[in-house]
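# Structural overview
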Amino acid sequence: MDRFVGRTTELRRLEYAWRSAARGRLVTVTGPAGVGKTRLCEEASDRARAAGLRVLWGRCWSDGGAPALWPWQPMLAELCGPETAQLLSSEAETVHPARFSRFQAVADRLARAVAETPTMLVIDDLHAADPGALLLTRFIARARLPLTMVITQRTPSPLGEASDEIALRPFDPAETRDYLATNGIERLEAPLTDTIHRLTDGSPLFLRRLVALGEADFVGGLREAIDQSFARIAPETARLLAIGATLGDSVSWAEAAALLNMPAARVIDTMDGAVQAGLVTANGTESFAYSHDLVRRAALARLTAAELLDAHARAVDIVGHSARKAHHAVNAAPRSPEDARRAIEVCRAAAAKMVRRFSYEQAASLLAQAVSFGEPSAELMLEWSDAVLASGRLAEARVLYDQAADAAWDEQDPLRYARAALGMGGIWLNERRDQVERHRILGKQRKALAWLPESEAALRLRLELRLAAEQVYGGGPVADVLKTLEEIRLLGDHGALAEALSLSHHAMLTPEYVRERLAIARELISVAAAAGIDILALQGLCWQTVDLFHLGDPRADRSLAELRVRADLMESHSVRFIVAEIDVMLLIRAGRLAEAEEQAARCLAMGEEVGDADAAAYYGGHLLAIRWLQGRGADLLDFAVEVANSPLLAEGEFAFRAMVANLAAEAGRHELARSTLAQLAAAGLDALPQSSTWLSGLLAIVEATVSLGDAQLAREAYELMLPFAELPTTPSLAIVCFGSTERGLGLAAATFGDLDRAEAHLRRAVAANLRLGHLPMAACSKANLATVLRRRGEHRAAEELLDSAVNDANAMGMEARARAWAADLVSRHITLRRRENRWLVGFPGREVLVEDLIGMRHLAQLLAHPDVPIPAVSLAHGGAEAMSEQSILDDQARAAYTARAREIAHLIPESSPARAEELRRELDALAAELGATTGLGGRGRTFAGPAERARTSVRKAIKRAIDVVRAADPAVAAVLDSTISTGYQCVYTPDR
């Protein structure tokens, strides 16, 4: 063997890995064929053994026909005993039959086996592993067991968890020369070594082959190297190598002898020449192995097409393992119709065994090949559909079940037709959104039920429950679903019960059933695991996670973490999509809105790839929530209208129409908002259909009533939402969250004028949103509460809340909302104070110095008494008494006017915008009358005109003062313009 050179750094990295194995290490060695991955790992293994490690190797089969989950069985048997390897078979009864449970049991036993003895596992050529074996490898890698796992493969790691990746590259020219010199080839001139490098591409494998040929044969180049080796051996040996190559990389002497129809001893003797030529290595009396896959391919190339077909056909009867039989049968199928029929049966038998050993993906692949050999039967199509569904490829499975139903109809087989019709529905409800397509599928399911014999009780009940559950999305009662669920319980069929529990849960996806649903989800996990139905066990965990988020339960995060791990390890793309959607919701709740928008776009692409019917609606929900929080909801009004009118939305879905009303009201398009609300409330809000988005739809209606001042509709929505006050408003599969329902109740109460209720609800909303970690909605709740407190006259508390909301909003990228709230905030923060002979006027962060004017003194008095009307004559004369003269208005009338003015001043903050404006007009009229009849000190005004003169002079003085402020800072002046009213009575109203 040549001396190992050129990989010193890589060896050190591998050595570091197995010396720190107590923490669990995964190393992937990648690179093209022939680059020396296996050779590097062999050298590292020798050194690890010398250091006292236990080293085990497993090699994946590159030519197909590997047993399910290979090469884990022999490694587990050696490390943990045959009973652990047996866990990968459905015959084992010590754990749940679900694949995740089996993998977890294997990991637990492996952990015990390596706890005391340092161990290194090497899996060679992982790129050739079947998907199930890849899943198990990923599972073990993520378990972080105290061992070193080294994996070789041609492409970058598919595991996504590699702590260290060693990417091997071919030798450069200098390394090629060093390699040759180290192996005794020192007399070649530079041009020749450069040619060798170019021909070999720096491949250590090819260089090693050239070294084995000897220096004299280098001039022939790489292209002839392997052919020269074949030329050195006898024709009989070459033929044995060629035919034996059909059996794979490693071939038993017995199988080769049977394939060639000669005694095993003669095969061993004949192969001696190939061993001497370095083309194969002999493993005692058991087997031989080709020195590299490239050598094996060169051997296969020596066979004619007919010889290759014949060899594969004979191999079907020689090899013992079902997967290998299927591999050879598939390759022999083109030889004749009989071979094709045999390939179908062999593939079905092998696939059935693979399903029992949890290798669903490999089974689906085999059955896909079987289908290609002729017109498939309904049974074969069903087997293929079931395997694809078990692999988590839902959209593909639905199509295949549809084809299986057509085949069953042609065969006039009602049982298989019923099974196919059930499969067409998928694992969710309402997956067919096009109404023509939906009714076509429902029609097939009804036809299947009518066609089934009465004796098929289980199938009939499964179809009845599916139809009842689908009908819920058309307005049907949930009670029919629950009744059929109880009948299915009596069957004692775990598979049927698991399916029924999942569909029943989906049919109950409304707020009123949230606690009952959680119990069903947990039962589903247990029942599906016991039945060995991985996809439904995972579905149960998905439902549990969604329910916990709907409840606002802090355990939701932990359940999501478990769901994420299982969906990833099981490569369930449909559930991965739901996890990704929930991740968007969590980003929104954390106030990371820009990240959430980017993730939402990625989710849309993922959902379309998976074939989820709700992918576009989920994206719309994410985008609308993000834009609304940013204060940019009006930008998406047209988009919301488009989504609300989409034929892909479920029948009766009204949340998007409610969002249209909300966004239209915020954008000032009141007619569109009112007409949309009128359509929604035509039969009363209590007639709106229950669905997973019902609560969020009501919240959008409440938001619209706030903008429109519709107290009656707000009260109606309030009564419907009140029973769910403790829940977060979380529609559908927790793909978005609008915070605590308490906030919506507070907004509704404020709209119909019950400020006590509004304040109580909004205070609870702030606390609940902080518990949820929904920072944007906590900020919104603070701002809403501040508005209510201002209406109650609690200005200081309102200012503190609003200031906090503005700061929070700015930190989360909610700039538009922050600006709107800040505008409200600064209107209450206008301050005016003397600085020597000038005035400092403005609000925090924005103050200007202006000259001393009479109008500035008037403003100082008004700003010191917010919402308190001050007569212009008091401002003009500094409150001095006027001379007693004959009064125009008697004392009784003046007292009544004054009392009414005070009453109006208290009513304005608590009134709707329209009513407040009426009250202000009345107050102005009263102020004018009082101003005309009241003199200094509140005494009746004489027939002379000091009040009128005071009104005019004060108005002009204040206007001049504000104009001076405007020249220094228009923004501060704008606030004064909007909050200062002059007349016979002058008032500073910061809430206006």
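Here the structure is a predicted model, which is why all the values come from computation and not from measurement. (Residues numbered from 1 in each chain as written. Predicted model: local features only at pLDDT ≥ 70, side-chain atom pairs only at ≥ 80, totals over all residues. Heavy atoms only, no water.)

## A word on the overall build of the protein chain
Each helix and strand counted, the protein chain has 47 helices and 14 strands in total. The proportion of buried residues among the 992 residues of the protein chain is 54%. Excluding contacts between residues fewer than 6 apart, the proportion of contacts in the protein chain whose partners are at least 24 apart in sequence is 65%. Roughly 41,400 Å² of accessible area belongs to the protein chain as shown, and the carbon and sulfur atoms make up 52% of that amount. (Helix = DSSP H or I, 4+ residues; strand = E, 2+ residues; numbered from the N terminus. Buried < 20%, exposed > 50% of the residue type's maximum accessible area, 1.4 Å probe, protein only. Contact = heavy atoms within 4.5 Å. Areas by Shrake-Rupley, 256 points an atom, 1.4 Å probe, with all protein chains shown as cover.)

## A few points about the packing of aromatic side chains
Taken as a whole and judged by the stated rule, the model has 10 aromatic pairs. Aromatic rings pair up to connect Trp253, Phe288 and Tyr290 into one cluster. One Lys or Arg, lysine 447, reaches over the ring of tryptophan 409 and ends 4.2 Å from the middle of that ring. One Lys or Arg, arginine 817, reaches over the ring of tryptophan 628 and ends 4.1 Å from the middle of that ring. (Phe/Tyr/Trp six-rings, centres within 6.5 Å; stacked < 30°, edge-to-face > 60°. Lys NZ or Arg CZ within 6 Å of the ring centre and 35° of its normal.)

## What about helix 38 (residues 755-772)?
Over its 18 residues, helix 38 extends 25 Å from the first C-alpha to the last, a length consistent with the 26 Å expected when each residue adds 1.5 Å. Among all positions in helix 38, only Leu755, Ala758, Glu759, His761, Leu762, Ala765, Val766, Ala768, Asn769 and Leu772 are buried. Packed against the buried residues of helix 38 are helix 29 (573-589), helix 36 (711-721), helix 37 (741-751) and helix 39 (775-791). A positive backbone phi angle near 80° is found at glycine 773, which sits one or two residues after helix 38. (Expected span 1.5 Å × (residues − 1).)

## Things to note about the sheet that holds strand 13 (residues 980-981)
Strand order across the open sheet formed by 3 strands is 12-14-13, with antiparallel pairing between neighbours. Since the sheet does not close on itself, it has two edges, and those belong to strand 12 (870-871) and strand 13, each with one partner. In the sheet, strand 13 pairs with strand 14 (residues 985-988) via 2 bridges, with the strands oriented antiparallel. Directly across from serine 981, in strand 14, lies its bridge partner valine 987. (Pairing = 2+ DSSP bridges.)

## What to know about the environment of aspartate 413
Counting through the fold element by element, aspartate 413 comes out in the loop between helix 20 (394-411) and helix 21 (414-424). On the basis of relative accessibility, which here comes to 13%, the residue aspartate 413 falls in the buried class. Here the alpha-carbon distance between aspartate 413 and leucine 452, two residues 39 residues apart in the chain, equals 9.4 Å. Dropping the residues within four chain positions of it, aspartate 413 is found in contact with Ala408 and Trp451. Of the polar contacts made by the side chain of aspartate 413, one reaches the side chain of arginine 416; its length is 2.4 Å. (Polar contact = N/O pair within 3.5 Å; in protein donor to acceptor, adjacent residues only side chain to side chain.)

## Digging into unusual backbone geometry
One non-glycine residue, asparagine 261, adopts positive backbone phi at about 60°. Tracing the backbone shows asparagine 261 in the loop between helix 12 (253-260) and helix 13 (264-276). A positive phi angle, near 55°, is found at serine 732, a position not held by glycine. Position of serine 732 relative to the elements: it lies in the loop between helix 36 and helix 37.

## A word on the pattern of salt bridges
One pass over the structure, following the stated rule, counts 56 salt bridges. We note a salt bridge from arginine 627 to glutamate 597, for which the minimum N-O separation is 2.8 Å. Residue arginine 627 is located in helix 31 (residues 615-629), and its partner glutamate 597 is located in helix 30 (residues 593-610); the two are separated by 30 residues in the primary sequence. What makes arginine 627 buried here is its relative accessible area of 12%. Of the residues examined, glutamate 597 reaches a relative accessible area of 24% and is grouped as partly exposed. Here arginine 792 ties to glutamate 759 by a salt bridge, and the two come within 3.2 Å at their closest N and O atoms. With arginine 792 in the loop between helix 39 and helix 40 (795-811) and glutamate 759 in helix 38, this residue pair connects regions lying 33 residues apart in the sequence. Arginine 792 sits in the partly exposed class, given a relative accessible area of 32%. With relative accessibility at 13%, the residue glutamate 759 sits in the buried group. (Salt bridge = Lys/Arg side-chain N within 4 Å of Asp/Glu carboxyl O.)

## Observations concerning the pairing of strand 9 (residues 831-835)
Put simply, side chains in a regular strand alternate between the two faces of the sheet. In this structure, strand 9 lies alongside strand 10 (residues 838-843), joined through 5 bridges in antiparallel fashion. By the bridge assignment for strand 10, arginine 833 is matched with leucine 840. Here strand 9 folds back onto strand 10, and the loop between the two strands holds 2 residues, one of which, glutamate 836, carries a positive phi near 55°.

## Points about helix 23 (residues 457-472)
The end-to-end C-alpha distance of helix 23 is 23 Å, a good match for the 22 Å that 16 residues give at a rise of 1.5 Å each. Those residues of helix 23 that sit buried are Leu459, Arg460, Leu461, Leu463, Leu465, Arg466, Leu467, Ala468, Ala469, Glu470 and Val472. Considering only its buried residues, helix 23 is in contact with helix 21, helix 22 (435-451), helix 24 (478-489) and helix 25 (494-507).

## Concerning the confidence of the model for the protein chain
On average, residues of the protein chain score 84 in pLDDT, and 85% of them reach the 70 mark or higher. Low pLDDT, under 50, characterises residues 880-888; the stretch is placed with 21 contacts to residues that sit more than four places away or in other chains. Across residues 935-944 the pLDDT falls below 50, and counting only partners more than four positions away or on other chains, this stretch makes 38 contacts in the model. (pLDDT = per-residue confidence, 0-100.)

## Considerations on the packing of helix 37 against helix 39
Taken N-terminus to C-terminus, the directions of helix 37 and helix 39 make an angle of 25°; their axes are 11 Å apart at the nearest point. In terms of orientation, helix 37 lies roughly parallel with respect to helix 39. In this structure, the crossing between helix 37 and helix 39 has a hand that is left-handed. Judged by residue contacts, Arg743, Leu747 and Ala750 of helix 37 engage Met777, Cys780, Ser781, Asn784, Val788 and Arg791 from helix 39. (Axes fitted to C-alpha atoms, helices over the stretch in contact; angles between N-to-C directions. Parallel < 35°, antiparallel > 145°, perpendicular 65-115°, else oblique. Left-handed = near helix turned anticlockwise from the far one by under 90°.)

## Overview of the sheet that holds strand 4 (residues 148-153)
Two modes of strand pairing occur in sheets, parallel and antiparallel, and in both the strands are linked by backbone hydrogen bonds. With parallel pairing, the 5 strands of this open sheet are ordered in space as 2-3-4-1-5. Whereas interior strands pair on both sides, the edge strands pair on one side only; in this sheet they are strand 2 (54-59) and strand 5 (164-167). Between one strand and the next, the sheet's axes are offset by a mean angle of 15°, whatever the strand orientation. As defined by bridge partners, strand 1 (residues 25-30) adjoins strand 5 across 4 bridges and the pair is classed as parallel. Across the sheet, threonine 30 pairs through a bridge with alanine 167, a residue of strand 5. The sheet strands contacting helix 6 (residues 131-142) are strand 1, strand 3 (119-124) and strand 4, and the helix crosses strand 4 at an angle near 145°.

## Section: the nonpolar core
Generally speaking, a soluble globular protein has its nonpolar side chains buried in company with each other. Of all hydrophobic cores here, the largest spans 191 residues; its most connected members are Ile588, Ile701, Leu733 and Trp821. Ranked by residue count, the leading element in this core is helix 27 (residues 534-551), at 11 residues. The contacts of leucine 733, once residues within four sequence positions are left out, are Trp428, Leu509, Trp543, Val546, Ile578, Ile582 and Tyr618. With 36 residues, the next largest nonpolar core counts Ala85, Leu121, Ile140 and Met149 among its residues. (Core = buried A, V, L, I, M, F, W, Y, C linked by side-chain atoms within 4.5 Å.)

## Digging into the environment of methionine 721
Turning to its location among the elements, methionine 721 is positioned in helix 36. Overall, the relative accessible area of 0% leaves methionine 721 in the buried class. When the C-alpha positions of methionine 721 and leucine 699 are compared, they lie 8.4 Å apart, and in sequence the two are 22 residues distant.

## Thoughts on the pairing of strand 14
Where burial is concerned, the two faces of strand 14 agree: the one with Gln985 and Val987 and the one with Cys986 and Tyr988 are both buried. Where strand 12 and strand 14 come together, 2 bridges link them in antiparallel fashion. Considered in strand 14, the bridge of proline 871 is made with glutamine 985. Turn length for the strand 13-strand 14 hairpin, with the two strands adjacent in sequence and antiparallel, is 3 residues.

## A few points about the packing of helix 32 (residues 637-644) against helix 33 (residues 655-666)
Running from N to C, helix 32 and helix 33 cross one another at 160°; their axes reach a closest spacing of 8 Å. Classified by the angle between their axes, helix 32 and helix 33 sit roughly antiparallel to one another. Classified by chirality, the crossing of helix 33 by helix 32 is left-handed. Between helix 32, through Leu637, Ala640, Val641, Val643 and Ala644, and helix 33, the contact on the second element is made entirely by Phe656, Arg657, Val660, Leu663 and Ala664.

## So, the environment of serine 391
As for its position among the elements, serine 391 is in the loop between helix 19 (378-390) and helix 20. As for serine 391 and glutamate 361, which are separated by 30 residues in sequence, their C-alpha atoms are 5.6 Å apart. In this structure, serine 391 is in contact with Tyr360, Glu361, Ala364 and Glu571, ignoring residues within four places of it in sequence.

## Quick notes on the side chain of glutamate 742
The topology assignment puts glutamate 742 in helix 37. Once you skip the residues sitting within four places of it in the chain, glutamate 742 turns out to touch Ala725, His761, Arg764 and Ala765.

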